[in-house]
Amino acid sequence: MTWHRKILRVNLTKGTCETEPLNMEWAKLYLGSRGLASKYLYEEIDPKVDPIAPDNKLILATGPLTGTSASTSGRYVAVTKGALTGAIACSNSGGFFGAELKFAGYDMLILEGRAKEPVYLMINDDDVRILPADKLWGKSVWETEEWIKKTHQDPLIRVASIGVAGETGSKYACIVNDLHRAAGRSGVGTVMGSKNLKAVAVRGTTGVKVENPREFMQVAQATKTDLKESAFTNGLTQYGTQGVTSVINATGIYPTRNHQQVQFEGADKIGGEAMFEVRETDGRTNMVRNSACFGCTIACGRVSVIDPNHFSVKDKPQYHNASGGLEYESSWAMGGDCGIDDLEALTYANFICNEQGMDTISFGASLAAAMELYERGYITDKETGGLKLKFGSAEALVEAVELAGKGEGFGKDLGLGSKLLCEKYGHPEVAMTVKGQEFAAYDPRGAQGMSLAYATSNRGACHLRGYTIAVEIFGVGTKLDPLTTEGKAEITKLAQDTTSAVDSTGLCMFPNFAWTLDQYQQLVQADSEGDWSMEKMMELGERVWNLERLFNNKAGLTTADDTLPKRLLETPAETGVGKGLVALLDKMLPEYYELRGWTPDGQPSNDTIKRLNV
Amino acid sequence: MQKSLNIDPNKCTGCLQCEMACAYELEGSFNPAHSRIKIFHFEEQGRFVPYTCTQCAEAWCLHACPVDAIKMDATTGAKVVDEATCVGCKVCTIACPFGTVNYNQSSGKVIKCDLCGGDPACAKACPTEAITYVDANWTGLDKMREWAAKTDTGTTTAAAKPSAPAGH
């Protein structure tokens, strides 16, 4: 049980949909989801392939715990070679689509080739069809989901689709499922768009069974109780990820105006608490209620409503309804990083990112980079088409997000992502990226572990690949001094390996604020056949990390890509806990390579590959 | 004492743990497609609403069944489908005004909530107490308490004050 032991392989060039047995040898080494899908990608494509060529593949994968009653069991991943980064991409999403794919009887969906004309995939258990999407091309994610449900007369269908951003080649297009849940980062939606695939729609009725039901039900219940009793996960229920805004800003690691400062004077206006403040204009709060993904007992999701009197939606009644509200990273990227403190404008921009399928982090940070280019005079109204890209301008944000969503005007430039955008205008130093991907909402100068975690992240700058913030700032489990480099190589490796293992289970990483890997391990063991001891789980995480690294090395990435922008390495933070400090990456990187069992030029050694059976 | 499922949509986060628990009780697998309780997501209002059979005292489904396959469980008050008797004619699905009796293609019978014999799995699985199993005569008690508190605004402080000077 656990695995259906079945893969659905769809070749869009040939128009074929075939099932095949899951490679159980690999499943026993890579478990599922991130790990197993990465193994398939590694074995099946040339890492040097152009990400948007038909030879790149896109894998949507569930884990063994996806679709079970374990808390947070709604996750799936989109694994491919990233269009934004040229590195291996693995974007994780919640909502309900992943569980539905599992209920349809598949562990994994492998999408190959490129359709001649726009198509969508309709999966009804074992009835799988490639259908024309000519009526959907040019439509938003929201319109697409509505059209598919209506056309098939089935409101219970779950849909994952791309918006216009993914059709028009935005480098950071994402795959959005269930209206406002996204496999967000690295341009996985761009890859989907390059395949002329508008949407994957699923209806599954086969269910999921576990290996040891009695034990599983006990562990599932006990681990839910752990979540219920933890102050960290209760904080997520109440304020969502947005709850950390005030702490991160007060600490002084809140990147502001494209990382030119580390504290934002307007942070309190766009944080978790602000969403609960009653608006004078309409007497309502931005926050409507919290919401859960499939099976989640935390329910950190925000449902928000924009003030109908706000300039962004005044004449647009279609945005007066409730929809997915701001997460911390989104609020930061489009807010603090752009110097914007208008909560309603941010919520609107968030709606548009969901509607047109754009990664909120990369979009926000690309706009921040464009604002810096504009303020420094490197670009002018001529290049922006009249957009006044001033830091702090909510009007600019609203206009920019609409243009980027449709790939029109200067929105096309914004869709390049910070790196290519800044290169295009001759100032690569303005791009705040690693491996072409924009940073998340933590400045590493005041949390040194993040320097290493960002620089060595296999999918480019990211907070979800080794969240050292948990121990450096929040003190989850243990507390380390955020300003020193000692022990950071070790904690970064540990965080990366643990996360890789967690991401291979089919569960969310947020329970990790209340659990350790132990709870995940107990759930996997009760759920799955075979031996999944703690030792095996740690080994799994390390194996996945090394496999991703091998992919990147073969794709042509080198140690030179394990670095940070000059601004972080050379310009000390002006305020905050890290005042006077730069990112001390050089002090940690050699130690990290050694701990990993890699050569000084960043290659996993033969011994390491052998030890981990990569 | 009979108990009823008591549903408070304000507390529902839409996680579907109840649907999984229901299907698991029915067929030993996690399969919301076969759940007898459904959560409806009204996205545009940000509302999540659980809905299932309320076990009508005078049950339309029970009266409509031509083969008497639906019987009342005297202990719980649940209207229960006897699978061995049910012929899958679906007349009950037409008779039920609420849509909570449904045909199950894989078994060829109808399925509806049977209160799990008096220990409903959905209520146990609900992480937010949006679904509870309470005294059938007092399903409104929580709402009454809430409104009682609102009705009483201010009187507690007013009552406390006069007693203070008396002590001096």
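Before reading further, recall that the structure is shown in the block above.
Rules and cut-offs
Residues numbered from 1 in each chain as written. Chains lettered and ligands numbered in written order. Predicted model: local features only at pLDDT ≥ 70, side-chain atom pairs only at ≥ 80, totals over all residues. Helix = DSSP H or I, 4+ residues; strand = E, 2+ residues; numbered from the N terminus. Rg over C-alpha atoms; globule rule 2.2 N^0.38 Å. Buried ≥ 20, exposed ≤ 12 C-beta atoms within 10 Å, placed from the backbone. Contact = placed C-beta atoms within 7 Å. Nonpolar A, V, L, I, M, F, W, Y, C, P; charged D, E, K, R; others polar. Axes fitted to C-alpha atoms, helices over the stretch in contact; angles between N-to-C directions. Parallel < 35°, antiparallel > 145°, perpendicular 65-115°, else oblique. Left-handed = near helix turned anticlockwise from the far one by under 90°. Pairing = 2+ DSSP bridges. Core = buried A, V, L, I, M, F, W, Y, C linked by C-beta atoms within 7 Å. Arc of directions from axis to C-beta.

## Notes on the overall build of chain A
If you tally the helices and strands in chain A, you get 24 helices and 17 strands. Radius of gyration (C-alpha) of chain A: 22 Å, near the 25 Å computed for a compact globule of 614 residues. Based on the C-alpha atoms only, the size of chain A along its principal axes is roughly 60 × 55 × 45 Å. The buried share of chain A, reckoned over its 614 residues, is 64%. Sequence separation of 24 or more characterises 71% of the internal contacts of chain A that already satisfy a separation of 6 or more.

## Some remarks on the overall build of chain B
Looking only at helices and strands, chain B has 6 helices and 8 strands in total. For chain B, the sequential pattern of α-helices and β-strands runs β-α-β-β-α-β-β-α-β-β-α-β-α-α. Computed over C-alpha atoms, the radius of gyration of chain B comes to 21 Å, more than 25% over the 15 Å expected from 2.2 N^0.38 for 168 residues, which places it beyond the range of a compact globule. Projected onto the principal axes, the alpha-carbon positions of chain B cover approximately 80 × 35 × 25 Å.

## Some thoughts on the interface of chain A and chain B
On the side of chain B, 20 residues touch chain A, which itself brings 25 residues to the contact. Elements with a minimum of two residues in the side of chain A that touches chain B: helix H7 (213-229) and strand E13 (287-291) of chain A. Per element, the largest residue contribution to the side of chain A that touches chain B is 4 residues, and it comes from E13(A). The residue makeup of the side of chain A that touches chain B, split by class, is 11 nonpolar, 11 polar and 3 charged.

## Overview of the packing of H7(A) against helix H20 (residues 517-527) of chain A
Residues and elements named next belong to chain A. Taken N-terminus to C-terminus, the directions of H7 and H20 make an angle of 160 degrees; their axes are 9 Å apart at the nearest point. For the element pair H7 / H20, the angle class is roughly antiparallel. For H7 against H20, the interelement crossing comes out left-handed. Across from Glu215, Phe216, Val219, Ala220, Thr223 and Asp226 in H7, the residues of H20 making contact are Gln519, Gln522, Leu523, Ala526 and Asp527.

## Here's the deal with the pairing of strand E1 (residues 6-11) of chain A
The side chains of a regular strand alternate, residue by residue, between the two faces of the sheet. Residues and elements named next belong to chain A. One ladder, built from 6 bridges, connects E1 with strand E2 (residues 16-21); its direction is antiparallel. What sits directly across from Ile7, in E2, is Glu20. Pairing of E1 with strand E6 (residues 108-112), which is carried by 5 bridges, proceeds in the parallel orientation. Following the sheet pairing, Ile7 is matched in E6 by Met108.

## Structural notes on the nonpolar core
Residues and elements named next belong to chain A. Within the largest apolar cluster, 226 residues are counted, with the highest numbers of intra-cluster contacts made by Ala201 and Leu397. In terms of residue count, the dominant contributor to this core is helix H12 (residues 360-375) (10 residues). Aside from chain neighbours lying at most four places away, what touches Leu397 is Met334, Cys338, Ile340, Ala345, Ala349 and Leu367.

## Focus on H20(A)
All names here are of chain A. Most of H20 sits out of view: 10 of its 11 residues are buried. Residues of H20 that are buried: Leu517, Gln519, Tyr520, Gln521, Gln522, Leu523, Val524, Gln525, Ala526 and Asp527. Its buried side turned inward, H20 meets H7, helix H19 (488-502) and helix H21 (534-555).

## Overview of the sheet that holds strand E5 (residues 88-93) of chain A
Residue and element names in this part refer to chain A. Spatial strand order, E2-E1-E6-E3-E4-E5: 6 strands in an open sheet with mixed pairing. On the outer flanks of this sheet lie E2 and E5, each paired with one strand and no other. The mean inter-strand angle of the sheet, taken between neighbouring strand axes irrespective of direction, is 20 degrees. Each of strand E3 (58-62), strand E4 (76-81), E5 and E6 touches helix H2 (residues 33-44); the most contacted strand, E4, lies at about 25 degrees to it.

## Looking at the packing of helix H11 (residues 343-356) of chain A against helix H14 (residues 394-406) of chain A
All names here are of chain A. One can describe the packing of H11 onto H14 by two numbers: an axis separation of 10 Å at closest approach and a directional angle of 0 degrees. The orientation of H11 relative to H14 falls into the category roughly parallel. Contacts from Ala345, Tyr348, Ala349, Ile352, Cys353 and Gln356 in H11 reach Ala394, Leu397, Val398, Val401, Glu402, Gly405 and Lys406 in H14. Across the contact of H11 with H14, the residue classes break down as 9 nonpolar, 2 polar and 2 charged.

## Focus on the pairing of strand E3 (residues 47-51) of chain B
Residues and elements named next belong to chain B. Only one face of E3 is covered, namely the one carrying Phe48 and Pro50; the face carrying Arg47, Val49 and Tyr51 has none of its residues buried. Both strand E2 (residues 38-42) and E3 contribute to a ladder of 5 bridges, which runs antiparallel. In the sheet register, Lys38 faces E3, and the bridge partner there is Tyr51. The hairpin formed by E2 and E3 contains 4 residues between the paired strands, and Gly46 there has a positive phi angle of roughly 65 degrees.

## Looking at helix H4 (residues 141-151) of chain A
Residues and elements named next belong to chain A. Within H4 the residues assigned to the buried category are Val141, Trp142, Thr144, Glu145 and Ile148. Considered in projection along H4, the buried side chains sweep an arc of 165 degrees and stay on one side of the axis. After H4 finishes, the residue Gln153 shows a positive phi value of roughly 50 degrees.

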